[in-house]
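Residue-level listing of the chains:
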Amino acid sequence: MNKDRFFHEFPPVSKEDWVAKIQKDLKGKPYESLQHQDLEGDQLDPVWHASDRKDWTQPNIPERDSITPWMINEQIQVQEGNPEEANRQALDALSHGANSITFAFSSEKKSDWEGALKDILPQYVHLGFAAPQKSLQLGEHLQAVLPAEAREQFSMHLENDPIGVALENGNWQQSSGQDLVSILETEDSLITTFPKLRVATVRGELYHNAGADAATELAASLATCHEYLLVLTESGLEASQAANHISIRLASGTDYFKELAKFRAMRMLWNRLVQAYDPKAFTGHIQAVTSQFFSTVYDPYNNMLRGTTQAMSAILGGADLLRILPFNTAWKEGDHFARRIARNTQLLMQEEAHLGKVTDPASGSYYLEHLTRELAQEAWKQFQEMEAQGGIISLIESGQLQEKIHTQAQEKIAKADSDEWPVLGVNLYPNDQEKMIDEIQETEFTDEPIEPAFTPLQSIRLVGEKEMQRLSDELNSAE
């Protein structure tokens, strides 16, 4: 048996043969008419062939630790004085398919932490923690409220991203590494007590939700990873060990194939960076969250469809943990129904579509390998340029990064305004009779505004301005 080709009795078909066949089927229409650019301006060909790989090798993407399915994550807000509601939501989610809960605390009271975690066994679920206090205090709470036994089994991460927080606020509340160093300097270090704890989460979705393109999101995320890697290695950890305590979260947008390639490229880039310091085997931990940039207020059930395809991109791209945002987060906090739909979407993908059964299902696809390679090359180029200009902190303080992302966002919005970028329910088949003004949930702001030291990075939505105008028209017509 010929081991090189299963169908050796059939003659090979060149790309030229395929193009000739397509040209014939087009009946005089030029083949070039099928070539086009995607919405970020990259060239797309209608057919890809093995010969397209003659000048490049298959991307070296490290495999995940196993082919166990990704973790189904749900974020739950813990309001001060009412941890019981958060605990109820968490237990409901865990009993209906979730196996990862991220608690977002607004309280510094230990009693609220204890109440939220009641009856939750961290040796069986993955836990994430976002909190307003310094990491040292966060660590004290974790040490106090989590069970004392089997702590080496606890899989956890901290939503600890001081660079991201500063970028959102326009101010450095503390030095970029203080939160991370405090964890290592405690008398009983958290990562010694909880060896599977990831002390930093790079929130790449901040760049995406502000309008960054895929390559810029990758580059900025990698540059943030590099800052945290330096902080942890300077505190005494080896590079590969430090990298194992960092998690990266990317947003998954609506460009199905490019987003899939983006997750593959991130794993490759992160591995390349770590191995420059320490050439030991390393796989990385990649989280995913569905995009807010592409969510809509009008015709909102389309957000369920968007969430589904975005989730598939992340899963097939190799994400280790996935959070599908409730379909109504564009205008309110997700309710029970919206959270249930988001969770069940992932359960269908795991239990019925079996999407978690293959380590890298995109491997070998000429088109996806090309996309992965092109994205990785462009992101690595941008990352090197960022480092040459002093690193991401310098670019944030000067406002250069924010300006670059703002320009990319405006280009996308212009395409949506001109209907070049179709958005179902907004500029494509809109329902002009639909009313949403009564559904909008008011948000109260209690914190005093702080004068920013540099330009904050603001999350926006692609059709946010269009929908704000429509909501304004609704309000005016109701008066």
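See above for the structure.
Residues numbered from 1 in each chain as written. Predicted model: local features only at pLDDT ≥ 70, side-chain atom pairs only at ≥ 80, totals over all residues. Heavy atoms only, no water.

Focus on the nonpolar core
The condition that has to hold: In this description, a nonpolar core means a group of buried Ala, Val, Leu, Ile, Met, Phe, Trp, Tyr and Cys residues linked to one another through side-chain atoms lying within 4.5 Å. Here's how the labels work: a residue is buried when its accessible area is under 20% of the maximum for its type, exposed when over 50%, partly exposed in between, all with a 1.4 Å probe on protein chains only. Under the scheme used here, helices are H or I runs from DSSP no shorter than 4 residues and strands are E runs no shorter than 2 residues, and both carry numbers assigned from the N terminus.
In terms of nonpolar packing, the biggest core is built from 101 residues, with Phe 103, Leu 127, Phe 129 and Trp 270 touching the most fellow members. It is helix α9 (residues 214-234) that provides the largest number of residues to this core, a total of 12 residues. Judged by nonpolar contacts, the second largest core, of nine residues, contains Phe 293, Phe 294, Ile 413 and Trp 421.

Describing the pairing of strand β9 (residues 246-252)
The criterion, for reference: Pairing between two strands is assigned when DSSP locates at least 2 bridges connecting them. Clockwise travel from the first strand over the helix to the second, with the strands pointing away from the viewer, marks a crossover as right-handed.
Of all the seven residues making up β9, seven are buried; the element is thus mostly covered by neighbouring parts of the structure. A two-sided burial pattern is seen for β9, the buried positions comprising Ile 246, Ile 248, Leu 250 and Ser 252 on one face and Ser 247, Arg 249 and Ala 251 on the other. Where strand β8 (residues 200-203) lies against β9, four bridges are found, and the strand directions are parallel. Residue Ala 200 lies in a different strand from β9, and its bridge partner there is Ile 246. Sheet analysis places β9 next to strand β10 (residues 286-290), joined by five bridges and oriented parallel. Residue pairing for β10: Arg 249 is matched across the bridge by Gln 287. On the question of chirality, the crossover connecting β9 to the parallel β10 by way of helix α11 (residues 256-277) is right-handed.

Some thoughts on the pattern of salt bridges
This is how it is decided: Whenever a carboxyl oxygen of Asp or Glu lies within 4 Å of a side-chain nitrogen of Lys or Arg, that contact is scored as a salt bridge.
One pass over the full model with this rule turns up 19 salt bridges. The salt bridge partner of Glu 80 is Lys 109, with a shortest N-O separation of 3.5 Å. Highlighted residues: Glu 80 in the loop between β3 (71-78) and α2 (83-95) and Lys 109 in the loop between β4 (100-105) and α3 (110-116), separated in sequence by 29 residues. Residue class for Glu 80 comes out partly exposed when judged on its relative accessible area of 48%.

Remarks on the packing of aromatic side chains
Basically, it comes down to this: Stacked, tilted and edge-to-face are the three classes assigned to paired rings of Phe, Tyr and Trp, where Trp is represented by its six-membered ring and a pair needs centres within 6.5 Å; plane angles under 30 degrees give stacked, over 60 edge-to-face, the rest tilted.
In this structure the tally under the stated criterion is 14 aromatic pairs. The interplanar angle of 20° and the centroid separation of 6.0 Å between the aromatic rings of Phe 154 and Phe 194 together place this pair among those described as stacked. Taken as a pair, Phe 154 in the loop between α4 (135-145) and β6 (156-158) and Phe 194 in the loop between α7 (190-193) and β7 (197-198) lie far apart in primary sequence, 40 residues in all. Summarising the aromatic geometry, the rings of Trp 380 and Phe 383 are spaced 5.3 Å apart at their centres and angled 45° between planes, so their arrangement reads as tilted. In this pair, Trp 380 and Phe 383 both sit in helix α14 (residues 366-388), three residues apart, roughly one turn of the helix. A single burial state applies to Trp 380 and to Phe 383, both of which are buried. An aromatic cluster is defined as three or more aromatic residues linked by ring pairs; in this entry it consists of Trp 48, Tyr 256, Phe 257 and Tyr 367.

A few points about the sheet that holds β6
The cut-off we apply is this: Residue contacts follow a heavy-atom distance rule, with two residues in contact if any of their heavy atoms lie within 4.5 Å. Each axis is a line fitted through C-alpha atoms, taken for helices only over the stretch in contact, and angles between the N-to-C directions span 0 to 180 degrees.
Overall, parallel pairing links the nine strands, which are arranged β7-β6-β5-β4-β3-β11-β10-β9-β8 in an open sheet. A strand with exactly one partner marks an edge of an open sheet, and here the two such strands are β7 and β8. Lying on the sheet, α2 is in contact with β3 and β4; it crosses β3 at an angle near 165°. The sheet contacts of helix α12 (residues 302-316) involve β9, β10 and β11 (321-323), and relative to β10 the element is tilted by about 170°.

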